[in-house]
Amino acid sequence: MIKLEKVKIEDKDKLYNLLQFALYDGSFYIDNIINDECLFDYKWFNNYFTDKTREVYFIKYDNKIAGFVMINQHLKVLKEGYCIAEFLVLPQYRRNHIGKEAAYKAFNLHKNWEVQPMDNNNIAYNFWRNIIKEYTNNNYKTYTFTDLEDVFVFER
């Protein structure tokens, strides 16, 4: 069984450790360089525990942490809504529809959505396009910008 569990302040270090995996994965596609402590910086990390426009959830599978989803309201297209800022399913849980179920559960939290996967990461791009296409029954829009990746926009 898959569920989303809001990350508590006392689990902040666990989330930061998991976020390092996501940032490492992303470093294959964008310039993401480690700092002097050999960690990837994420300047908005603390804001997820202080800013009401941000939410973060552990993805749990059989009560074990299988990943996380970070959501915020910092949008590119919509005036109001939410976007997926970061999303990670650990490798041992991939290919079992856990990512799909977690994305659906996240989308069910709010009405209006934007998702902006990295264009140069074909796996992530296709994952999000296929998930959104299925979730919305092909009722979504794709906005293409010259200086940004595509943005998928939809309502639940």
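Conventions used here
- All chains use their own residue numbering, which begins from 1 and follows the written sequence.
- In view of the model being predicted, local features appear only for residues whose pLDDT reaches at least 70, and side-chain atom pairs are presented and counted only at 80 or more, with totals across whole chains, interfaces and linings using the full set of residues.
- Side-chain numbers come from the whole structure's heavy atoms, not from hydrogens or water.
- Classification of ring pairs rests on two measures: the distance between centres of Phe, Tyr or Trp rings, Trp counted by its six-membered ring, which must be within 6.5 Å, and the angle between planes, read as stacked under 30 degrees, edge-to-face over 60 and tilted in between.
- Numbering of helices and strands runs from the N terminus; a helix is a DSSP stretch of H or I covering at least four residues, while a strand is a stretch of E covering at least two.
- The classification of residues rests on relative accessible area computed with a 1.4 Å probe and restricted to protein chains. Under 20% of the type maximum is buried, over 50% is exposed, and intermediate values are partly exposed.
- Counted as over-ring charges are cases with an Arg CZ or a Lys NZ within 6 Å of the ring centre that also lie within 35 degrees of the ring normal.
- In this description, strands pair whenever DSSP reports at least two bridges between them.
- Only C-alpha atoms enter the line fits that serve as axes; for helices the fit covers just the stretch in contact. Angles between N-to-C directions range over 0 to 180 degrees.
- Whether two residues are in contact is decided by their heavy atoms, any of which lying within 4.5 Å being enough.
- Throughout, the term roughly parallel applies to angles under 35 degrees, roughly antiparallel to angles over 145, roughly perpendicular to angles from 65 to 115, and oblique to all others.
- Should the near helix be turned anticlockwise from the far one by less than a right angle, the crossing is left-handed, and should it be turned clockwise, the crossing is right-handed.
- We count a salt bridge whenever a side-chain nitrogen from Lys or Arg sits within 4 Å of a carboxyl oxygen from Asp or Glu.

Engineer: Even after reading the chapter, I still don't get the packing of aromatic side chains, so can you show me in this structure?
Structural biologist: The geometry of an aromatic ring pair is captured by two quantities: the separation of the ring centres and the angle between the planes. Taken as a whole, this structure holds 16 aromatic pairs when the rule is applied. Relative to Phe154, the ring of Phe107 lies with its centre 4.8 Å away and its plane at 75°, an arrangement referred to as edge-to-face. On the criterion of sequence distance, the pair formed by Phe107 in helix α2 (residues 98-107) and Phe154 in strand β7 (residues 151-155) is long-range, its members being 47 residues apart. With relative accessibility at 0%, the residue Phe107 sits in the buried group. The lysine or arginine in question, Arg54, covers the ring of Tyr48, its NZ or CZ lying 5.2 Å from the ring centre.

Engineer: Where do I start with the environment of Glu101 in this structure?
Structural biologist: Inspection of the secondary structure assignment puts Glu101 in helix α2. Residues Glu101 and Phe145, spaced 44 residues apart in sequence, show a C-alpha to C-alpha distance of 29 Å.

Engineer: Is there a simple way to think about the sheet that holds strand β3 (residues 64-72) in this case?
Structural biologist: In space, the seven strands of this open sheet follow the order β1-β2-β3-β4-β5-β7-β6, with mixed pairing throughout. The sheet terminates laterally at β1 (2-6) and β6 (141-143), the two strands that pair on one side only. With direction set aside, neighbouring strand axes in the sheet form an average angle of 30°. With two bridges connecting them, strand β4 (residues 82-89) and strand β5 (residues 112-115) associate as parallel partners. Bridge pairing links Cys83 to Glu114 in β5. With respect to the sheet, helix α3 (residues 122-135) is in contact with β4, β5 and β7, its orientation differing from that of β7 by roughly 20°.

Engineer: Could you clarify how one ought to interpret the packing of α2 against α3 in this entry?
Structural biologist: Geometry of a packed helix pair, given as the angle between the helix axes and the separation of the axes. With their axes 11 Å apart at the nearest point, α2 and α3 run at an angle of 55° to one another. When the axis of α2 is compared with that of α3, the two are oblique. Read as a crossing pair, α2 and α3 show a hand that is right-handed. Within the contact between the two elements, α2 uses Gly99, Lys100, Ala103, Tyr104 and Phe107 and α3 uses Phe127, Trp128, Ile131, Ile132, Glu134 and Tyr135.

Engineer: In this structure, what is going on with the pattern of salt bridges? I would like to understand it.
Structural biologist: Proximity of charged atoms lets side chains of opposite charge pair with each other. Taken as a whole, this structure holds four salt bridges when the rule is applied. Between Asp11 and Lys14 there is a salt bridge, with its nearest N and O atoms 3.7 Å apart. The exposure class assigned to Asp11 is buried, which follows from its relative accessible area of 17%. Lys14 gets classed as partly exposed once you look at its relative accessible area, which sits at 47%. Between Glu134 and Lys100 there is a salt bridge; the shortest N-O distance is 2.5 Å.

The analysis is restricted to geometry; functional conclusions fall outside its scope.
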